[in-house]
Amino acid sequence: METITGIGSALLDFTFEVDDALLRDLGLAKGTMQLIDGRASGELFEKMKGRPVQVTPGGSAANAMAGIANLGGSSVFIGKVGSDENGKTYVRDTEREGVRALVSVHDSMTGHAITFITPDSERTFATHLGAALHLGPDDIDEAQVLRSGFLHLEGYILEGNMKAASARAMDIAKRGRVKISIDLADPAFVERNLDELQSVIGQFADIVFANEEEAFAFTGKRGNEALDVITGMCGVAVVKLGSSGSLVGQGKKRIEIPPFPAKVINTNGAGDMYAAGFLYALAAGLPIERAGRIGSYAASLVVASPGARFGGSIDVSGI
């Protein structure tokens, strides 16, 4: 089993269940991700004081690495936390889940995502990136990248302050013939970085994950037409269609993966868990069709659980 190393924003998730009225009172647009500063974060926490909260390590790439550990695979996460108790919690709980944490420390507040889940399972985020923004080229462990079979990047670190870190990681991986996987993150990210993202994927990516809207933002097409474009750029592509399943492309091969039935509690982390299952299967040397089924199955488990992570071992021997 080859090791998968993920690089991304180390964000501690604080998850609250709320109703629509409270969401409006907080001034948050339902279903969106809003970046906030430290002051706004403190004000939100003050308003939510006394309410039940679930606290877990998060961030897209980190969630995927935790999912790989759930499946019995070998995973490592590279990120940056603050010099506070939340940073210590992030590292401790990441390693407790079976992921090796190569997490450096910055003298600031640990990044966090305050997540609000409404009764219809919709998720709304208020995110303070904090120390995660300071991930730099020197934080990339070259030896670890070269020891990996796969390097997985969340799209967000391909822009802004973290761009230099991701560039160094991809250069190392390319030189060491480590396969590079990129998750397109969200449609707005794709739209504001389209030209550069197309260049990066054409030059570095071996595997690309996108949901339907991200794929449309990237290609201007939907379904199999979008899959064709992305597969032509990177070799292996996945377009996730939510409750309709997913599409997988490899070379000229096109595969429709049916969804696994699940009672949806929340959709937070579904895409990350799909990537976890898919990469786990590839690292184990399994064929692309089975990778898609395992990804779909893993995603079905996390949408039926309250958080962005599954929180237990997953047996896919019969999938």
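From a predicted model like this one, the values you see are computed outputs, not experimental measurements.

**Q** What exactly am I supposed to notice about the overall build of the chain here?
**A** Along the chain, the regular secondary structure elements total 12 helices and 14 strands. Reported as C-alpha extents along the three principal axes, the dimensions of the chain are approximately 55 × 40 × 40 Å. Looking at the chain as a whole, 55% of its 319 residues are labelled buried. By sequence separation, contacts in the chain at least 24 residues apart represent 74% of the contacts at least 6 residues apart. Taking the 30 positively charged and 39 negatively charged side chains of the chain as two groups, their mean positions are separated by 4 Å.

**Q** Please explain the pattern of salt bridges as it appears in this structure.
**A** Side chains bearing opposite charge may pair, as long as their charged atoms lie close to each other. One pass over the full model with this rule turns up 16 salt bridges. Residues arginine 92 and aspartate 93 are paired through a salt bridge, measuring 3.1 Å at the closest nitrogen-oxygen approach. A relative accessible area of 43% means that arginine 92 is categorised as partly exposed. With a relative accessible area of 13%, aspartate 93 lands in the buried category. With a closest N to O distance of 2.6 Å, arginine 254 and aspartate 228 form a salt bridge. Of this pair, arginine 254 sits in strand 14 (residues 253–257) while aspartate 228 sits in helix 10 (residues 223–234), placing them 26 residues apart in sequence. Overlapping salt bridges bring together Asp20, Lys30 and Asp120 as one network.

**Q** Got a minute to help me understand helix 6 (residues 163–175) in this structure?
**A** Quick reminder: α-helices carry 3.6 residues per turn. Residues three or four places apart thus point the same way. In this model helix 6 runs 18 Å from its N-terminal to its C-terminal C-alpha over 13 residues, within 8% of the 18 Å that 1.5 Å per residue would give. Ala165, Ser166, Ala169, Met170, Ile172 and Ala173 are the residues of helix 6 that are buried. Buried positions in helix 6, seen along its axis, are confined to an arc of 160° and lie on one side of it. Positive backbone phi, at 55°, marks arginine 177, one or two positions downstream of helix 6.

**Q** Help me out: how do you make sense of the side chain of serine 41 in this one?
**A** Relative to the elements of secondary structure, serine 41 occurs in helix 2 (residues 38–47). In terms of polar contacts, serine 41 uses its side chain to reach the side chain of histidine 112, at 2.5 Å. Beyond its immediate sequence surroundings of up to four residues, serine 41 is in contact with Ile36, His112, Ile114 and His128.

**Q** What's the story with the nonpolar core in this structure? I'm lost.
**A** Within soluble globular proteins, side chains that are nonpolar generally end up buried alongside one another. Counting 60 residues, the largest nonpolar core has Phe77, Phe116, Ile207, Phe209, Val248, Tyr274 and Phe278 as its most contacted members. For this core, the leading source of residues is helix 11 (residues 270–283), giving 11 residues. Not counting residues up to four positions away in its chain, the partners in contact with phenylalanine 278 are Ile207, Phe209, Val236, Val238, Val248, Ile288, Ala291, Gly292 and Gly295. Judged by nonpolar contacts, the second largest core, of 41 residues, contains Val76, Ile78, Ile230 and Ala237.

**Q** Looking at this model, I keep getting lost on the sheet that holds strand 5 (residues 75–82). Mind explaining?
**A** Each strand in a sheet pairs with another by means of backbone hydrogen bonds, the pair being arranged parallel or else antiparallel. As summarised here, the arrangement of the 9 strands in space is 6-5-1-9-10-11-12-13-14, forming an open sheet in which the pairing is mixed. At either margin of the open sheet sits one strand with a lone partner, and together these are strand 6 (100–106) and strand 14. The sheet shows a mean angle of 15° between the axes of neighbouring strands, direction not considered. Two elements, strand 1 (residues 4–7) and strand 5, share 4 bridges in a ladder whose sense is parallel. Bridge assignment links isoleucine 4 to a residue of strand 5, and that residue is serine 75. Most of the contacts of helix 9 (residues 212–219) go to strand 11 (residues 207–211), to which it runs at about 110°, and overall it touches strand 10 (179–183), strand 11 and strand 12 (236–240). Here helix 12 (residues 288–303) sits on the sheet in contact with strand 12, strand 13 (246–250) and strand 14, set at roughly 25° to strand 14.

**Q** Help me understand the packing of helix 9 against helix 10 in this model?
**A** Any two packed helices are characterised by the angle at which their axes cross and by the distance between the axes. In the contact formed by helix 9 and helix 10, the axes pass within 9 Å of each other and the chain directions differ by 70°. Taken together, the axis directions place helix 9 and helix 10 in an arrangement best described as roughly perpendicular. Crossing hand, helix 9 versus helix 10: left-handed. Counting all contacts with helix 9, which are made through Ala215, Phe218 and Thr219, the residues of helix 10 involved are Ala226, Val229, Ile230 and Met233.

**Q** What is the right way to read the pairing of strand 6 from this model?
**A** Two strands pair when backbone bridges link them, and strand 5 and strand 6 are joined in this way by 7 bridges, in the parallel orientation. In the strand pairing of strand 6, glycine 82 is matched with histidine 106. As a crossover connection, the stretch from strand 5 through helix 4 (residues 85–96) into strand 6 is right-handed.

**Q** Any chance you could explain the sheet that holds strand 2 (residues 11–17) here in plain terms?
**A** Here we have 5 strands laid out as an open sheet, ordered 3-8-7-2-4, and mixed in their pairing. With partners counted over all chains shown, the strands left at the sheet margins are strand 3 (33–35) and strand 4 (54–58), one partner each. Between one strand axis and the next, the sheet turns through 20° on average, direction left out of account. Where strand 2 and strand 7 (residues 112–117) come together, 6 bridges link them in parallel fashion.

**Q** What is the right way to look at the packing of aromatic side chains in this model?
**A** Two measures describe an aromatic ring pair: the distance that separates the ring centres and the angle between the ring planes. With the rule as written, the count across this model stands at 7 aromatic pairs. Ring geometry for tyrosine 274 against phenylalanine 278: centres 6.3 Å apart, planes inclined by 20°, an arrangement best described as stacked. Taken together, the residues span about one helical turn, with tyrosine 274 and phenylalanine 278 both in helix 11 at a distance of 4 residues. By the burial criterion, tyrosine 274 is buried, and phenylalanine 278 matches it. The rings of Phe209, Tyr274 and Phe278 are connected pair by pair, giving a single aromatic cluster. The lysine or arginine in question, arginine 222, covers the ring of phenylalanine 216, its NZ or CZ lying 4.2 Å from the ring centre.

About the cut-offs
Residues numbered from 1 in each chain as written. Predicted model: local features only at pLDDT ≥ 70, side-chain atom pairs only at ≥ 80, totals over all residues. Heavy atoms only, no water. Helix = DSSP H or I, 4+ residues; strand = E, 2+ residues; numbered from the N terminus. Buried < 20%, exposed > 50% of the residue type's maximum accessible area, 1.4 Å probe, protein only. Contact = heavy atoms within 4.5 Å. Lys, Arg positive; Asp, Glu negative; His and termini not counted. Charge placed at Lys NZ, Arg CZ, Asp CG, Glu CD. Salt bridge = Lys/Arg side-chain N within 4 Å of Asp/Glu carboxyl O. Expected span 1.5 Å × (residues − 1). Arc of directions from axis to C-beta. Polar contact = N/O pair within 3.5 Å; in protein donor to acceptor, adjacent residues only side chain to side chain. Core = buried A, V, L, I, M, F, W, Y, C linked by side-chain atoms within 4.5 Å. Pairing = 2+ DSSP bridges. Axes fitted to C-alpha atoms, helices over the stretch in contact; angles between N-to-C directions. Parallel < 35°, antiparallel > 145°, perpendicular 65-115°, else oblique. Left-handed = near helix turned anticlockwise from the far one by under 90°. Right-handed = clockwise from strand over helix to strand, strands pointing away. Phe/Tyr/Trp six-rings, centres within 6.5 Å; stacked < 30°, edge-to-face > 60°. Lys NZ or Arg CZ within 6 Å of the ring centre and 35° of its normal.

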